[in-house]
Amino acid sequence: MGSGARVYHRRMADIPRIELNDGNSIPQLGYGVFQVPPEETERHVSRALEIGYRHIDTAAIYGNEEGVGRAIASSGIPRDELFITTKLWNDRHEGEEPRAATEESLERLGLEQVDLYLVHWPTPRRSNHVQAWTSLVGLRDAGLARSIGVSNFEPEHLDDILAATGVVPAVNQVELHPAHGQRAVKEWCARHGARVEAWGPLGQGKYDLFGEPAVAEAAAAHGITPAQAVIRWHLQHGHIVFPKSVREERLRENLEVFDFALDDAEVAAIDALDPLDGTGRVGSSPYDVH
Ligand code: NAD
């Protein structure tokens with residue numbers, strides 16, 4: 001290790017990649033850093049990279065892009081092995097703001113191009129999600145983002161941006177876990193070729209998914225933890241996930257999900273946890289964020 005090169009326990013190739021509709025691909029499992037304190041972010045992201053994570057999900061509003069950037073810079077990992085997502089915040093949808101916001105994020109991340117740039121929320125009361133999306137198409141064409149997508153968009157917002165630009169987002173990142181199945185959003189994405197990213201994949205610890213018999217029984221049957229059962233449920237549904245933890249043993253645990261599979265009955269039992277009426281949501285509704 002005297003050369004400064006670090007030893008990585010898991011090669012990137014071990015994590016499956018999902019093809020996006022623009023020809024790029026994304027590691028299906030990553031590390032999300034919502035609520036990771038800025039002063040601790042470099043340390044936690046560095047550890048995640050050492051453990052084998054290559055996909056990091058941050059956002060301008062998280063206030064920790066600089067820490068992500070420092071961890072990337074000191075990792076020594078080739079740029080093309082990393083996949084970095086960040087997001088445009090709600091008050092910067094109009095005019096020259098999206099470009100300025102992107103340049104500021106790139107500066108903080110120490111990157112020339114982000115791998116995936118998302119409109120963070122549709123902010124329906126401001127009626128400017130189409131403007132934001134149109135700007136992202138231009139930013140992608142200018143090379144500031146390799147892929148572009150949206151977050152927290154409902155089907156009506158997705159219809160609006162598609163009608164205005166003809167460009168289907170590469171992903172829609174939404175709250176998605178066994179108690180909040182997002183059926184309508186998933187149908188829209190499947191019909192149009194957008195991938196679904198699951199935020200709050202473990203219910204943010206607010207919903208006791210791990211105590212649900214369907215989850216606990218699947219975990220016991222495979223000798224795994226309830227968190228691993230839920231992550232595996234996401235992966236088998238084709239969701240892109242990036243669970244958050246600041247604990248090393250959980251970071252490792254959340255990555256150790258590729259040497260077993262849930263059977264169809266176990267997946268169906270976990271599917272059945274969705275109340276279908278939206279009551280399983282743990283975060284904000286897209287109609288309430290502006
Ligand atoms: P999550 O479902 O990943 O829950 C995180 C919590 O789960 C942790 O704080 C920890 O308490 C617990 N946990 C993690 N691993 C565990 C394990 N192995 N065993 C037991 N408990 C464990 O929720 P999240 O952080 O909100 O979502 C993940 C990522 O999604 C975020 O970090 C962020 O990148 C993204 N996100 C995006 C939006 C958006 O609006 N686009 C909103 C929220 C989160």
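Structure shown above.
**Q** Honestly, the pattern of salt bridges in this entry has me stumped. Any pointers?
**A** A pair can form between side chains of opposite charge whenever their charged atoms are brought close. Across all of its chains, the model carries 12 salt bridges by this definition. Note that Glu 103 and Arg 99 form a salt bridge whose closest N and O atoms lie 3.0 Å from each other. Pair noted here: Glu 103 and Arg 99 are both in helix 3 (residues 97-109), with a separation of 4 residues, about one helical turn. Note on Glu 103: relative accessible area 40%, which makes it partly exposed.

**Q** Please clarify how the packing of helix 1 (residues 38-51) against helix 2 (residues 65-75) should be interpreted in this entry.
**A** To describe two helices that pack against each other, one gives the angle between their axes and the distance between the axes. At their nearest, the axes of helix 1 and helix 2 sit 8 Å apart, and the two run at 45° to each other. Judged by the angle between their axes, helix 1 and helix 2 are oblique. For the crossing formed where helix 1 meets helix 2, the hand is right-handed. Mapping the contact onto sequence places Thr 41, Glu 42, Val 45, Ser 46 and Leu 49 in helix 1 and Gly 67, Val 68, Arg 70, Ala 71, Ile 72, Ser 74 and Ser 75 in helix 2.

**Q** Whenever I open this one, the nonpolar core confuses me. Can you help?
**A** Generally speaking, soluble globular proteins have nonpolar side chains that are buried together. Membership of the largest hydrophobic core comes to 72 residues, with the highest contact counts inside it found for Tyr 31, Tyr 117 and Trp 133. The element best represented in this core is helix 8 (residues 226-236), accounting for 6 residues. Of all hydrophobic cores here, the second largest spans 13 residues; its members include Leu 116, Trp 121, Val 171 and Trp 199.

**Q** Would you mind going over the packing of aromatic side chains with me for this structure?
**A** Throughout the structure, instances matching the rule amount to 3 aromatic pairs. Aromatic side chains Phe 34 and Tyr 62 sit 5.1 Å apart centroid to centroid with 40° between the ring planes, which places their arrangement in the tilted category. Of this pair, Phe 34 sits in the loop between strand 3 (31-32) and helix 1 while Tyr 62 is found in the loop between strand 4 (55-57) and helix 2, placing the two residues 28 residues apart along the sequence. Assessed through its relative accessible area of 16%, Tyr 62 is described here as buried. Measuring from ring centre to ring centre gives 6.4 Å for Trp 121 and Trp 199, while their planes differ by 65°; the resulting arrangement is edge-to-face. With Trp 121 in the loop between strand 6 (114-119) and helix 4 (129-141) and Trp 199 in strand 9 (residues 195-199), this pair connects stretches of sequence that are 78 residues apart. Lying across the ring of Phe 260, Arg 232 places its NZ or CZ 5.9 Å from the centre.

Rules of the game
Residues numbered from 1 in each chain as written. Predicted model: local features only at pLDDT ≥ 70, side-chain atom pairs only at ≥ 80, totals over all residues. Heavy atoms only, no water. Salt bridge = Lys/Arg side-chain N within 4 Å of Asp/Glu carboxyl O. Helix = DSSP H or I, 4+ residues; strand = E, 2+ residues; numbered from the N terminus. Buried < 20%, exposed > 50% of the residue type's maximum accessible area, 1.4 Å probe, protein only. Axes fitted to C-alpha atoms, helices over the stretch in contact; angles between N-to-C directions. Parallel < 35°, antiparallel > 145°, perpendicular 65-115°, else oblique. Left-handed = near helix turned anticlockwise from the far one by under 90°. Contact = heavy atoms within 4.5 Å. Core = buried A, V, L, I, M, F, W, Y, C linked by side-chain atoms within 4.5 Å. Phe/Tyr/Trp six-rings, centres within 6.5 Å; stacked < 30°, edge-to-face > 60°. Lys NZ or Arg CZ within 6 Å of the ring centre and 35° of its normal.

Worth remembering: the numbers are spatial, not functional.
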